[in-house]
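# Breakdown of the fold
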Amino acid sequence: MLDAQGLRKSYGPVLALDAVDLTVEKGDLTAVLGPSGCGKTTLLRCVAGFERVDAGTVTLDGRAVAAAGTHVPPHRRHVTVVPQEGALFPHFSVRDNVGYGLDRSARRGGRVDEVLALVGLDGYADRMPHQLSGGQQQRVAVARALAPRPPLVLLDEPFSALDATLRTDLRRDIRAALRADGATAILVTHDQGEALSMADHIAVMRAGRIVQHGQSNQVYEDPADPWIAEFVGEAMLLPATIANATTVDTALGRLPLRGAAGAAGRVRVLLRPEQLSPTDGDLAEVTRHEYHGHDTLLGLRLADGTPLLARVMGQRTPPVGASIGLDVLGAVRAYGDA
Amino acid sequence: MPRPALFVAATGALAVALLPLVYLLIRTGEAGLGRIADEVLTRRVAELAGRSIALMVVVTVACTVVGVAAAFLVTRTDLPMRGAFGVLAALPLAVPTYVAGFAWIATVDGFEGFWAAALVLTLCSYPYVYLPVAAALAAADPAQEEVARSLGRGPWRTLTTVTLQQARPAIAGGALLVALYTLSDFGAVSILRTDTFTRAIFTAFNLGFDRTGALVLSTVLVLLTMVLLGLELVSRTRGARYAGGGPRRPATRFHLGRLRIPAVSALVAVGLFALGVPAASLVRWSIAGASRPGTLAEIGAAAGNTLSVSLGGALLTLLLALPVGLLTARAPGPIATLVDRLSYLAHALPGIVIGLSLVFFGIAVAYPLYQTVWLLALGYATLFLPLAVAAVTGAAVQAPPVLDEVARSLGRSPFVVLTSVTLPLMVRGIGAGAALVFLTCVKELPATLLLRPTGMDTLATELWTHTSTASYAAAAPYAALLVGVAAIPTWLLGRRTGLT
Ligand SMILES: Nc1ncnc2c1ncn2[C@@H]1O[C@H](COP(=O)(O)OP(=O)(O)O)[C@@H](O)[C@H]1O
Ligand SMILES: [Mg+2]
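As the structure is a computational prediction, the values presented were derived from the model and not from experiment.

### Topic: the overall build of chain A
Along its length, chain A carries 9 helices and 20 strands. With the C-alpha coordinates of chain A rotated into their principal frame, the extents come out at 70 × 45 × 35 Å. Split into buried and exposed, the 338 residues of chain A put 49% on the buried side. In chain A, 65% of the contacts between residues at least 6 apart in sequence involve partners at least 24 apart. Taken as a whole, chain A presents about 14900 Å² of accessible surface, with 48% of it coming from carbon and sulfur. In chain A, which carries 35 positive and 39 negative side-chain charges, the distance between the mean positions of the two groups comes to 6 Å.

### A word on the interface of chain A and chain B
The partner chain B presents 18 residues to the 24 residues of chain A that form the contact. Across the chain A to chain B interface the summed buried area is about 1600 Å²; carbon plus sulfur atoms make up 66%. The largest contributions to the chain A side of the interface with chain B come from H75(A), H91(A) and Y100(A), which together make up 38% of the buried area. Where chain A packs against chain B, one counts 1 salt bridge. With its nearest N and O atoms 2.8 Å apart, the salt bridge here joins E405(B) to R45(A). Those elements that place two or more of their residues in the side of chain A that touches chain B are strand 7 (79-82) and helix 5 (134-146) of chain A. Residue contributions to the side of chain A that touches chain B peak at 3 residues, all from strand 7 of chain A.

### Quick word on the packing of helix 1 (residues 3-17) of chain B against helix 16 (residues 295-330) of chain B
Packed helices, taken two at a time, are described by the angle between their axes plus the distance between the axes. All names here are of chain B. In the contact formed by helix 1 and helix 16, the axes pass within 8 Å of each other and the chain directions differ by 130°. As summarised for this structure, helix 1 and helix 16 are arranged oblique, according to the angle between their axes. Crossing handedness for the pair helix 1 and helix 16: left-handed. Contacts from R3, L6, F7, A9, A10, A13 and V16 of helix 1 reach helix 16 at L320, P323, V324, L326, L327 and R330. The class makeup of the residues in the contact of helix 1 with helix 16 is 11 nonpolar, no polar and 2 charged.

### Looking at the sheet that holds strand 6 (residues 70-71) of chain A
Residues and elements named next belong to chain A. Strand order in the open sheet formed by 5 strands is 2-1-4-5-6, with antiparallel pairing between adjacent strands. The open sheet terminates on both sides in strands that have one partner only, identified here as strand 2 (14-24) and strand 6. Across 2 bridges, strand 5 (residues 63-67) lies against strand 6 in antiparallel orientation. The residue of strand 6 that forms the bridge with A66 is H71.

### Considering the packing of helix 16 of chain B against helix 21 (residues 414-443) of chain B
Residues and elements named next belong to chain B. Where helix 16 contacts helix 21, the axes come no closer than 8 Å and their chain directions differ by 135°. On the basis of the axis angle, helix 16 is oblique to helix 21. Judged by the sense of rotation from one axis to the other, the crossing of helix 16 with helix 21 is right-handed. When helix 16 is examined against helix 21, the residues T306, L307, S310, L311, G313, A314, T317, L318, L322, L326 and R330 are found in contact with a partner set consisting of L418, T422, L423, M426, I430, A434, V437, F438, C441 and V442. Residues of the contact of helix 16 with helix 21, tallied by class, amount to 15 nonpolar, 5 polar and 1 charged.

### Some words on the nonpolar core
With 204 residues, the main nonpolar core has L2(A), L43(A), L154(A), I186(A), Y130(B), V133(B) and F197(B) as its most contacted residues. Ranked by size, the runner-up nonpolar core spans 42 residues in total, among them V98(A), L102(A), A199(A) and V232(A).

Conventions and cut-offs
- Residues numbered from 1 in each chain as written.
- Chains lettered and ligands numbered in written order.
- Predicted model: local features only at pLDDT ≥ 70, side-chain atom pairs only at ≥ 80, totals over all residues.
- Heavy atoms only, no water.
- Helix = DSSP H or I, 4+ residues; strand = E, 2+ residues; numbered from the N terminus.
- Buried < 20%, exposed > 50% of the residue type's maximum accessible area, 1.4 Å probe, protein only.
- Contact = heavy atoms within 4.5 Å.
- Areas by Shrake-Rupley, 256 points an atom, 1.4 Å probe, with all protein chains shown as cover.
- Lys, Arg positive; Asp, Glu negative; His and termini not counted.
- Charge placed at Lys NZ, Arg CZ, Asp CG, Glu CD.
- Buried area = accessible area lost by both parts, 1.4 Å probe.
- Salt bridge = Lys/Arg side-chain N within 4 Å of Asp/Glu carboxyl O.
- Axes fitted to C-alpha atoms, helices over the stretch in contact; angles between N-to-C directions.
- Parallel < 35°, antiparallel > 145°, perpendicular 65-115°, else oblique.
- Left-handed = near helix turned anticlockwise from the far one by under 90°.
- Nonpolar A, V, L, I, M, F, W, Y, C, P; charged D, E, K, R; others polar.
- Pairing = 2+ DSSP bridges.
- Core = buried A, V, L, I, M, F, W, Y, C linked by side-chain atoms within 4.5 Å.

Without other data, these values stay purely geometric and don't point to any function.
The following block contains the structure:
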């Protein structure tokens, strides 16, 4: 559906996009995940046609919309956007907002009510934007973007201005709406939880480049470098020594390697807190609790002083000060010294 | 609109607005450097320049003080009858300076000279500061003030370090308009016999013997304007754009306490001087003047002409201002700033210079326009373009660019986006600009005298004809009606300050 190759864009001295490659398959929801200021919004604006790229190509459905000497204007790209603040037209009712991108026959054909139902807002068509809550405004913005059945929908941190509980519901509903409509979408976010819970694929972005692109679980379980490991989820990077082609030696004992050993000798291995499970023993001391309701994050200290985190579910939480042993679940990934 | 189209449209509008300036430069150039030096480097020019600048400084400072104080009182304090005072404070804008000048001369013996002119100009022009500052204060985000208070700043420190900073672009913009107006004013200075550039230019033109001298003086005036524009630009660099969608809560009001009575008295005194004195004189004369036979038909015709040429002028001005204002708001950068600044240049030219250059343009270049109301409308557009540009730029805040982008992404062409999203959102602000330009056209005198088709009289020209033959009684009904017509858009502007 979307194929972007070698996109480059700078604002004066600031290089916002530095050779970005990104492909999105039809019907897919891809999250572009990266810290604030890494160029996510710029990427969306280049795809939508609001900005001209300095170099590179954007191909939509086989049609080159941005390339050397080509710049198809936004209104001929059939790419719709959902900006961060929703940006509803304040002088139009919900119905007119949603119907703005439709031709007359589609408007009369009931498409407006259809997409409003999809985002859970049937019955709101005649309200004005200022009569809606923030979450409802975002839903209308999504409905408006879906209405013309565009080949690609771009969402730029659409949930970041909302509070946490609202956000969870909205994420679920919006994802369902995108699915139900068979839409292809790119969701930009700096929130790894949002990316993991909503997207089929994640493209991790750093300083104007896509540094890893894969299925969501793959990015979490097998991050391409330590920075990505720490950005996507809770990560511990433990010093280790390669023992042989399939195992490493660590302070927690000998652990199986995931994938190839890469470098030889001294490495660091990635452990996620949920890979550590407390057992009887005296390998580590519990230093603190971080209670999350459904689970608890334990702060641990090994005998040599190395700090660790372990996620435990339910009631089996050892008290602070207790000495425990640790089981390591699954394999670990090793990184050469960066 | 895509930027290239916007840019072309803005440049076109600017070219129209700068026609008189081109004429001025060509004619001044023809005079030759030696002649220019002879004209400029004289004791008289130095005196005129000194007096014009002094008048400008005094009036601008006075208008800023009065305008900001009035705006603060009606928007941010517990002043009684705020709504009424809010409109009252705007109304002096409806009084042309030549009407106010006559009223004062007829009321106070020996009322003439520099300080008399300064007083009249201040009373008639402070609403140029009051209106934008009141709007800015009413729309400013109260959260900023609350943060300042929570960080331990007292009410006065908060006022000076936060509140007035929020209104700073509005204050600077209003002060600029006052300064430009004072430089170019003709009515008050000629009636109150103060020799400034404008009066000297008019005298030179009128006596017909020294057109080149007058043109050279006008060029000096343009240079002064450029300095002013530069100064305002410097003061503007820290101003904020896209202030957000207006306040969610009204600001907390300052308790006047014992200052209540002095505050009310000050506002009443300004109202009495600016409105009461002209009103009293006009009523006195009108009773005598309206009794002459045949007057009513003449007055009716003049009022009709005033309405139609002012409407035409306001429409044309807005049409030209739209691309310039949108360019400044949407594609800020050095080019937009230059275009915006250039639109001010003609504003400071005396109406007489605009008038003569357009007569020349009509005869030499656009003969079909000559002796039509369209040439007069063009003159108004040239003179008042910056007023409309400022209104359009301000209104563009109501239509943030992200809405345009969303609309474009939904498959609408730039023109459809402009007419369905951008303009409807800007319509209130543009309406205010139209009211201001209309009002200024109604009051305009010197360009109207020169550019009206032969035989067509407006309220302003009839008034001028009668007063210059010292028949005050005959002039009074025109003056009263003129102020009445001008008061309607002023009323609307006063009500827009966001307090009612
Ligand atoms: N219009 C602009 N002018 C100048 N710099 C910009 C502009 N837009 C973005 N930038 C810069 O480009 C970089 C990427 O910005 P952006 O794409 O908005 O990041 P993100 O959306 O990931 O937070 C930042 O360093 C930002 O400061
Ligand atoms: Mg962003």
